[in-house]
Amino acid sequence: MEQSVTVFSSFSVQDLSFLGEAALRTLWISFLSITIGSFLGGFFGWALYEMKIWGAIFLNPLLDVFRSVPLIVQLVLFYNFAPIVGLSLDAFESGLVVLTLYTSALVANVARGGIEAVGKPMRIASRSLGMSYLQDMRYVVFPIGARAIFPSWVGVALGVMKDSALVSVLGYVELVKASQVLITRTQEPLLIILVVGAFYFALSYPVSRYSAKLEKRWSQ
Amino acid sequence: MFEYNFHWRPVFRSLPDLLEASLTTLQVASLAMLLGIIIGFILAVSRLRGSGSIYWIATAWVELARNTPALFQLFFFGFGLGALGIHFSPYVIVLAGLTFNTAGYLGENFRGGFEAIPSTQLRAARSLGMNSWQAYTRILIPQVMRIVYYPMTNQFVWVVLMSSLGMLVGYRELTGETQFFASKTYRIFEYFAVTAVIYYVMVKIILGLSKLFASRFFRY
């Protein structure tokens, strides 16, 4: 009796939950790197603004590297660099570190722009009213600057969310990697790829529309 | 401190190949950019003046390009269309993916550029007896170019960086070539470090040239 073995099996409901889990991983690594990266980037932006000379000599060229080298190269480079200096990081941790630094480099520029968007007279006025430097930052610069840069920050955050797809190169099973696994098994590339695309789109499109609407309203 | 022995010799031996691959990168990026500019203009004009299906197709293109990962777009042109029996070579996949993405982003940029020009100018041009083509090419587009020049430069840098995704669809541009050599020699870190430097230099040259070009052509 001959038994036939099928290597491929068709797309099933279980696969949807597999994709869903992978989608959560995409969301998780994006959320972490955007959050940490934004704080770090805000700090870098402040440093670039306050320390003009040191920023121009050291910080800016350093951040520039993250903006001028493809993310995929950064990921592979760091993943292979970590063991050299004795760190044992898995794909998720390496991806997180690189994505966070990448986010912070992008946010730094945006944040500096935000601080610069607050007029000098306003800063002088707040200090003249007796506010300390920190109070000036907290109550004057932050509310005005944050509003000015909010749309570009959303742009950066959505960009990072989409770029997190590249962590699949390291073998982290996020959405795109999961889709590859499924495609190999089910041989139904078009369907799976469209599901994955629809997920990213459903996440990114409403947010970008909302931020565009806010931008329009705030600019009036 | 390091227990790892760096071996740079194989990297330097294949440096000519890497530099040649970086020319491939520039070539595919430039072509994608050129096509992206042309399609981007068409998309922008269709969204501003088109109606019905033309408007919707252009809008769908722009939103899809901007709200899904570039990697997804490449995969779509790769094995997504492969499912329909349409097979492209890696070069065409990269070119199509990059063009699709860039056209979407540029379309949105150009639309902003067109909207920044008062509509009275178009009407004035038409009243002076220019036909629509003349009004666009002589009055509107020269002004739009000025407005979108810097976003366009940034976009080109993005295209160069994004072409690194070619590695994942088997195209041997700079990153793909690096991956090829790295997996041949297992000197992954060394190869990608050199590639990162090449990308950095490439981006700096592009930005420098674009500044030179701008100071030459956009003098007021």
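Structure's up top.
Quick notes on the rules
- Residues numbered from 1 in each chain as written.
- Chains lettered and ligands numbered in written order.
- Predicted model: local features only at pLDDT ≥ 70, side-chain atom pairs only at ≥ 80, totals over all residues.
- Heavy atoms only, no water.
- Helix = DSSP H or I, 4+ residues; strand = E, 2+ residues; numbered from the N terminus.
- Buried < 20%, exposed > 50% of the residue type's maximum accessible area, 1.4 Å probe, protein only.
- Contact = heavy atoms within 4.5 Å.
- Areas by Shrake-Rupley, 256 points an atom, 1.4 Å probe, with all protein chains shown as cover.
- Lys, Arg positive; Asp, Glu negative; His and termini not counted.
- Charge placed at Lys NZ, Arg CZ, Asp CG, Glu CD.
- Core = buried A, V, L, I, M, F, W, Y, C linked by side-chain atoms within 4.5 Å.

**Some details on the overall build of chain B**
When its secondary structure is counted, chain B shows nine helices and zero strands. Reading the secondary structure of chain B in the N-to-C direction produces α-α-α-α-α-α-α-α-α. For chain B, buried positions account for 47% of its 220 residues. Looking at chain B alone, contacts between residues at least 24 apart form 77% of all its contacts between residues at least 6 apart. Only carbon and sulfur atoms are counted for the fraction: they give 65% of the accessible area of chain B, which is about 11,200 Å². Between the averaged position of the 17 positive side-chain charges in chain B and that of its 9 negative side-chain charges there is a distance of 14 Å.

**Some details on unusual backbone geometry**
The phi dihedral of Gln187 of chain A is positive, around 60°, even though this residue is not glycine. Looking at where Gln187 of chain A falls in the secondary structure, it is placed in the loop between α7 (175-186) and α8 (189-218). Not every positive phi belongs to a glycine, and Tyr186 of chain B is a case in point at roughly 65°.

**Quick notes on the nonpolar core**
With 104 residues, the main nonpolar core has Phe110 and Leu165 of chain B as its most contacted residues. Among the elements that line this core, the one with the most residues is helix α7 (residues 132-162) of chain B, at twelve residues. Beyond its immediate chain neighbours, meaning those up to four positions away, Phe110 of chain B contacts Ile37, Gly40, Phe41, Ala44, Val144, Val148 and Met152 of chain B. Ala47, Leu59, Leu63 and Ala105 of chain A belong to the second-largest nonpolar core, a separate cluster that totals eight residues.

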